[in-house]
Amino acid sequence: MGSLSEHFMPANSGYAIHRVSLGYERLPECCRTGLADCGLSVRHLGTSGDEVLLPLLKCGECGRYYAGSGGRFIPVDNPLKYEITGRR
């Protein structure tokens, strides 16, 4: 079986994965200062439809995960929603 995203493509089933937009997330105070790079990436479709790899970040105090760059973040509350890969 291919990736989960391929399985849920509209041509294969009646379901579709909803894409989360990369936005200016209001981070809790501990996450603003305690984010560290995990060495992994999250595959994300950019606004122009191209695939980008966003670094996966973890707060050292509360343990929350985020994917993002340039001050824009996606909260990664459930890693099964995202395709997490190593860096290229």
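Residues numbered from 1 in each chain as written. Predicted model: local features only at pLDDT ≥ 70, side-chain atom pairs only at ≥ 80, totals over all residues. Heavy atoms only, no water.

Draft legend 1. The arrangement of the overall build of the protein chain in detail. Summing up its helical and strand segments, the protein chain has 2 helices and 5 strands in all. Shown N-terminal to C-terminal, the secondary structure of the protein chain runs as helices and strands in the order α-α-β-β-β-β-β. For the protein chain, the proportion of its 88 residues judged to be buried stands at 24%. Counting only contacts in the protein chain whose residues sit at least 6 apart along the sequence, the fraction spanning at least 24 positions is 46%. If you sum the accessible surface of the protein chain, you get close to 6200 Å²; carbon and sulfur atoms cover 53% of it. (Helix = DSSP H or I, 4+ residues; strand = E, 2+ residues; numbered from the N terminus. Buried < 20%, exposed > 50% of the residue type's maximum accessible area, 1.4 Å probe, protein only. Contact = heavy atoms within 4.5 Å. Areas by Shrake-Rupley, 256 points an atom, 1.4 Å probe, with all protein chains shown as cover.)

Draft legend 2. A look at the sheet that holds strand β5 (residues 84–86). Spatially, the 5 strands line up as an open sheet ordered β4-β3-β2-β1-β5, and their pairing is antiparallel. Of all the strands in the sheet, the pair left with one neighbour each is β4 (72–75) and β5. The mean angle between the axes of side-by-side strands here comes to 40°, regardless of whether they run parallel or antiparallel. (Pairing = 2+ DSSP bridges. Axes fitted to C-alpha atoms, helices over the stretch in contact; angles between N-to-C directions.)

Draft legend 3. Structural context of the packing of aromatic side chains. Scanning the model with the defined rule gives 1 aromatic pair in all. Ring centres of Tyr66 and Phe73 lie 6.1 Å apart, and the angle between their planes is 70°; on these two criteria the pair is classed as edge-to-face. For Tyr66, a relative accessible area of 4% translates into the label buried. Classification of Phe73 by relative accessible area gives buried; the value is 13%. (Phe/Tyr/Trp six-rings, centres within 6.5 Å; stacked < 30°, edge-to-face > 60°.)

Draft legend 4. The arrangement of the pattern of salt bridges in detail. Within the structure shown, the criterion is met by 4 salt bridges. One salt-bridge network, held together by shared partners, links Arg43, Glu51 and Glu83. (Salt bridge = Lys/Arg side-chain N within 4 Å of Asp/Glu carboxyl O.)

Draft legend 5. Seen up close, the side chain of Thr85. Take Thr85: it is sitting in strand β5. Judged by its relative accessible area of 15%, Thr85 falls in the buried class. With residues near it in sequence (within four places) discarded, Thr85 still touches Leu40, Ser41, Arg43 and Leu53.

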